Amino acid sequence: MWLSGGRMASVGRQSFGSCFRVLGRRGCNTAAVMPEAAGFEGVSDRSDLQDFSVCSSDSFWAAVARQRLSWIRPFHTVQDCDLSQGRIRWFEGGKLNVSVNCLDRHVHTCPERVAVIWERDEPKSEVKLSYRQLLEMTCRLGNLLRRRGVKKGDCVTIYMPPCPLAVASMLACARIGAAHNVVFAGFSADALAERIRDAQSSTVITVNQGVRGGKVIELKKTVDAAIQSCPTVQQVFVAMRTENPVVMTAKDVAMEEYVFSYHDGDVFSCVADIGWITGHSYSVYGPLANGGTTVLFESTPIYPDPGRYWEMVQRLKINQFYGAPTAIRLLLKYGDKWVHKYDRSTLKTLGSVGEPINTEAWEWYHRVVGQGRCPVVDTWWQTETGGICIAPRPADPDAEIVPGMAMRPFFGIKPVLMDTEGKVVTSNDTSGALCIAQPWPGMARTIHNDPQRFTETYCQPYPGYFFTGDGAYRSKEGYYQITGRLDDVINVSGHRIGTAEIEDVLNQCSAVAESAVIGFSHSIKGQGIYAFVVLKKSIDVQEADVTRQINDMASKKIAKYACPDYIQFAQRLPKTRSGKIMRRVLRKVVDSELEGLGDLSTLDDPEVVQEIIQGHHDLL
Ligand code: 6R9
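Here's a quick rundown of the structure. (Residues numbered from 1 in each chain as written. Predicted model: local features only at pLDDT ≥ 70, side-chain atom pairs only at ≥ 80, totals over all residues. Heavy atoms only, no water.)

## With respect to the side chain of Thr385
Applicable threshold: What counts as a helix is a DSSP run of H or I of at least four residues, what counts as a strand is a run of E of at least two, and both are numbered from the N terminus. Buried residues are those whose accessible area, probed at 1.4 Å on protein chains only, stays under 20% of the maximum for their type, while exposed residues exceed 50% and partly exposed ones sit between those limits.
Summarising the element assignment, Thr385 is placed in the loop between strand 18 (376–378) and strand 19 (415–418). Assessed through its relative accessible area of 1%, Thr385 is described here as buried.

If you want it as structure tokens, here you go:
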């Protein structure tokens, strides 16, 4: 909590108290306890120090506060107290954060020192956490709270047994300026409710179950009962202390496991074809290796109608839904009514894979499908990587998810960006070729019958690194956004821009369902921009109006050079069965190389190509 002098909250007081207790109990040599004490006149032993601390209390407290705490802003007045008036003001003008004092200070000097030993109920199963780990946990939790609307001055109720996450929850509140109201986990629902009402908490943090003396205690159920009479409570964060699932309601936010927050008993639905790597890893091997229940989807998202996915979610009580942006964009075209028709309350996590997910599709998926309560995880990976490499980890409890960003490396993955000279880019807020710096068990080891090709394609472009072929942007905060295949980068009058970046902007136009952008050779600009645009079915618009809107958006959101030279309106786009737009085919059509369209066997519907050729003719 950012404390200002004279207005200390309970969090601050507790910390100050413990600081002095340590001081008082410990040393027998004053200089060791408080080195500058040696400089105090007449102070040579503990009893002198006691006298000094009482007689010259301002000097004493000022010295202690300066020496033992880190101040964001130093205080100007040690105290302005008058017990007769009930005026208690300490360290006026000063500002500090108690969580920084408990954690960051020590992480600077001794990050690996054990901060917490958690003596669990299960005998001899203690868990140790270093200061670094505790700081990390605290920061993530703080970000999560902030992202979920907890503000400075709010009071969060923590109803948890003693565990590292409870400590991190307290410190996380302090870090973001919220007060915490820690309620003994043995209290009844009524006693808890009274304390929640008193604190007017909108947020409660708890665990599914506690364990004490070998017995299971139903803490989440107690919270459920308590909040019946607490109208202020908007959200309950639930961490898993035991393996047992608990009933989650619309207010509950799960706080564990990794990308998909999968738990025993969940129904996991990856709607990819098993012929695609996504189907391999996330319909077959992943769910089965984890003892999960997997849904195999044989149909299409719009058969017999565009409600198919959501009707299935309702009927099969699906908890995790993992699909491709292309399907999301397709469904978005049909409007919200197909989603609203069905109960999606079992859904916990929504996943996206295969292509960059544009902002509009991400937001629709999150707001409409997930009712704003299910995290959307945009997962980046490839056939060659075997499994997810960059993805948000909402369950971590990992704060932020930025729409359209794959966010953070998964465990064991060390992404790096390379500049055009093949050097590792170390700064943030920058783009480059995405490589992975060290091997991991799931990665491809070779290409069947062609090991040389494997080496040439993935290992030689940047020796010592695995080359993905994708471009990525790393934000100021260090989050990753995939900008598309490097072959899809176009160069307009010297401006290098990923086609995905332009598509993202086009897709934000209200009438646009999806788009595909390619570069074509242009006598003046080097390359020009050719956009294929599919309009939403639910909106009635003139193409000229859409064209105007697209140009406005492209120049406003990127720059004038990002305005397409040509816009071809199409009914649909050529896609693989896994939903990836076949830009190669579009490029060949625009370059009038119809003989060289290449292998079309992976096309979902080969007839689309004729429509595209016809449309291109009509446009020119
Ligand atoms: C899993 C899969 C891999 C290529 C990959 C990249 C693109 C996949 C993405 C993504 C942006 C994501 N890709 N996930 N682009 N954001 N979340 O798709 O494997 O069929 O081998 O394709 O797909 O370009 O290099 P695969």
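## Some thoughts on the nonpolar core
Where a protein is soluble and globular, its nonpolar side chains tend to be buried together. Put simply, the test is: Remark: nonpolar core denotes a set of buried residues (Ala, Val, Leu, Ile, Met, Phe, Trp, Tyr, Cys) joined through side-chain atoms within 4.5 Å. Whether two residues touch is decided by their heavy atoms; if any such pair falls within 4.5 Å, the residues are in contact.
Counting 47 residues, the largest nonpolar core has Leu145, Met160 and Ile205 as the members making the most contacts within it. The element contributing the most residues to this core is helix 7 (residues 164–176), with seven residues. Sequence-distant contacts of Leu145, defined by excluding residues within four places in its chain, comprise Val150, Ala172, Cys173, Ile176, Thr203, Ile205 and Phe237. If you look at the next biggest cluster of nonpolar residues, it comprises 28 residues, including Leu331, Tyr342, Trp362 and Val369.

## Details of the packing of aromatic side chains
This is how the line gets drawn: Put simply, two rings from Phe, Tyr or Trp (the six-membered ring, in Trp's case) pair if the centres are within 6.5 Å, and we call them stacked under 30 degrees between planes, edge-to-face over 60, tilted for the rest. Comment: the charge-over-ring label is applied if NZ (Lys) or CZ (Arg) is within 6 Å of the ring centre and within 35 degrees of the ring normal.
Taken as a whole, this structure holds 21 aromatic pairs when the rule is applied. An aromatic cluster is built from Phe60, Trp61, Trp71, Phe75, Trp90 and Phe91, whose rings are joined through pairwise contacts. Over the aromatic face of Trp118 sits the side chain of Arg120, whose NZ or CZ is 5.3 Å from the ring centroid.

## Describing the site of the ligand
Filter applied, for reference: Only heavy atoms are used to decide nearness, and a residue is near a molecule or strand if one of them lies within 4 Å of it. Two N or O atoms count as a polar contact when they lie within 3.5 Å, although within protein this holds only if one can serve as hydrogen donor and the other as acceptor, and sequence-adjacent residues are included solely when both atoms are side-chain atoms. In these tables, accessible area is a Shrake-Rupley quantity obtained with a 1.4 Å probe, and a residue counts as shielded only by the protein chains included in the view.
Taken together, the neighbourhood of the ligand is formed by 17 residues, with Trp276, Asp378, Thr379, Thr383 and Asp470 sitting nearest. With respect to the ligand, the side chain of Asp378 contributes an N or O atom lying 2.7 Å from a nitrogen atom. Residue Thr379 places a main-chain N or O atom 2.7 Å away from a nitrogen atom belonging to the ligand. Here the ligand has 530 Å² of accessible area as a free molecule, and 91% of this is covered by the chains. Listed by contribution, the elements that provide at least two residues to the shell around the ligand are helix 10 (277–289) and strand 23 (480–485).

## Structural notes on the sheet that holds strand 23
Which entries qualify depends on this criterion: When DSSP finds two or more bridges between two strands, those strands count as paired.
Read from one edge to the other, the open sheet built from five strands follows the order 20-19-21-22-23, with strand pairing classed as antiparallel. If you trace the sheet from one side to the other, it starts and ends with strand 20 (424–425) and strand 23, each paired once. Here two bridges tie strand 19 to strand 20, and the two strands are oriented antiparallel to one another. Counted as the bridge partner of Leu417 is Val425 from strand 20.

## Re the pattern of salt bridges
What counts here: Each reported salt bridge corresponds to a side-chain nitrogen of Lys or Arg within 4 Å of a carboxyl oxygen of Asp or Glu.
Under the definition given, this model contains 26 salt bridges. Taking the shortest distance from any N to any O, the salt bridge between Lys220 and Asp224 comes out at 2.8 Å. With Lys220 and Asp224 both in helix 9 (residues 219–227) and four residues apart, this pair spans about one turn of that helix. Put simply, Glu503 and Arg583 hold a salt bridge, and the shortest N to O gap is 2.9 Å. Of this pair, Glu503 sits in helix 16 (residues 499–506) while Arg583 sits in helix 18 (residues 583–590), placing them 80 residues apart in sequence.

## So, the pairing of strand 28 (residues 566–570)
The line we're drawing: Seen with its strands pointing away from the viewer, a crossover is right-handed when the path leading from the first strand over the helix to the second is clockwise.
Here strand 27 (residues 526–535) runs beside strand 28; their pairing, made up of five bridges, is parallel. Note on strand 28: the bridge partner recorded for Val533 is Phe569. Of the crossover connections in this fold, the one passing from strand 27 over helix 17 (residues 543–557) to the parallel strand 28 is right-handed.

## Overview of the state of the cysteines
Formally: Counting rule for disulfides: a pair of cysteine sulfur atoms within 2.5 Å.
Scanning the entire structure with this criterion turns up zero disulfides. Not engaged in a disulfide, the cysteine Cys155 finds its nearest cysteine sulfur in Cys173; these two sulfurs lie 7.9 Å apart. On the basis of relative accessible area, Cys155 is assigned to the buried category, the value being 17%.

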